Amino acid sequence: MTKAYMEEILQTKTTQLAVFSVVFVLMVMVFVIPALSQEANAVIIGQAFAPPGTFFTQVTWNMASGKFTQLPTEILNGAAVLWRTDSTGLFGGLEQGTVFAKVARLNGQDVGPVSFSFSNPISGKNTCSGAPNQGPLKVTCHIPSSGSTVTATYEVSFRDQNDNNSYCDILTKFGGLDQPKIIREKLHC
């Protein structure tokens, strides 16, 4: 082998290695970096607010997927509950769970239980829901449909006494909680 031939082989191999390196770096930037920055940093900040003149007691939780980085905690003398979650996977993952509490009046009288459910999937929309939506209490929630760090806000309020709807009574007799959410919302149940 001549020296010129060896230099030509080395130059070809060096060029191939440089092209491969550039392609590899570009693939990492296109696929891995967005996954790490969006899903690995996915966080839900949950906050629930009790109706005026009441407070939360007996706060418990169930995390189906993901982990709490701040356990649900009563703040402001029980007027609110605050928590924070994160995914457990290296490249992100589903965060899904429920926080449970009881609502009591300032005199200690029990008003009823409430729950705050949330879901932050790897792909798709973030969702939240609250219960009950019948009886003396109702729970509304709001969460942005997308985003890596989102705040789920729950407001517990008393149902309006004029909000009695005889159709809601019929729904509960026929499994009202299993009825589609839109029917319950339309009837204000």
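Everything numeric here is computed off the predicted structure, so don't read it as measured data.

Participant: Outline the sheet that holds strand β3 (residues 67-75), supporting the account with residue identities and numerical values.
Facilitator: Read from one edge of the open sheet, five strands run β3-β4-β1-β9-β8, paired in mixed fashion. One side of each edge strand has no neighbouring strand; the edge strands of this open sheet are β3 and β8 (137-142). For this sheet, the mean angle separating the axes of adjacent strands, direction not counted, is 15°. Inspection of the sheet shows strand β1 (residues 43-49) paired to strand β4 (residues 80-86) by seven bridges, in the antiparallel sense. Considered in β4, the bridge of I45 is made with R84.

Participant: Please set out unusual backbone geometry residue by residue, giving values where relevant.
Facilitator: A cis geometry characterises the amide bond from A131 onward to P132, with omega recorded as 5°. One non-glycine residue, Q58, lies in positive phi territory at about 45°. Tracing the sequence through the fold places Q58 in strand β2 (residues 54-65). The phi torsion at N77 lies on the positive side, around 55°, for a residue other than glycine. Looking at where N77 falls in the secondary structure, it is placed in the loop between β3 and β4.

Participant: Which residues make up the state of the cysteines, and what are the values?
Facilitator: If you walk through the whole model with that rule in mind, you get one disulfide. Two residues share a disulfide in this structure: C128 and C141, whose sulfurs sit 2.3 Å from each other. On the S-S bond that ties C128 to C141, the torsion sits near 105°, and the link is right-handed. Linking C128 in strand β7 (residues 127-131) with C141 in strand β8, this pair joins segments that are 13 residues apart in sequence. The buried category is assigned to C128, whose relative accessible area is 14%.

Analysis parameters
Residues numbered from 1 in each chain as written. Predicted model: local features only at pLDDT ≥ 70, side-chain atom pairs only at ≥ 80, totals over all residues. Heavy atoms only, no water. Pairing = 2+ DSSP bridges. Helix = DSSP H or I, 4+ residues; strand = E, 2+ residues; numbered from the N terminus. Axes fitted to C-alpha atoms, helices over the stretch in contact; angles between N-to-C directions. Disulfide = S-S within 2.5 Å. Buried < 20%, exposed > 50% of the residue type's maximum accessible area, 1.4 Å probe, protein only.

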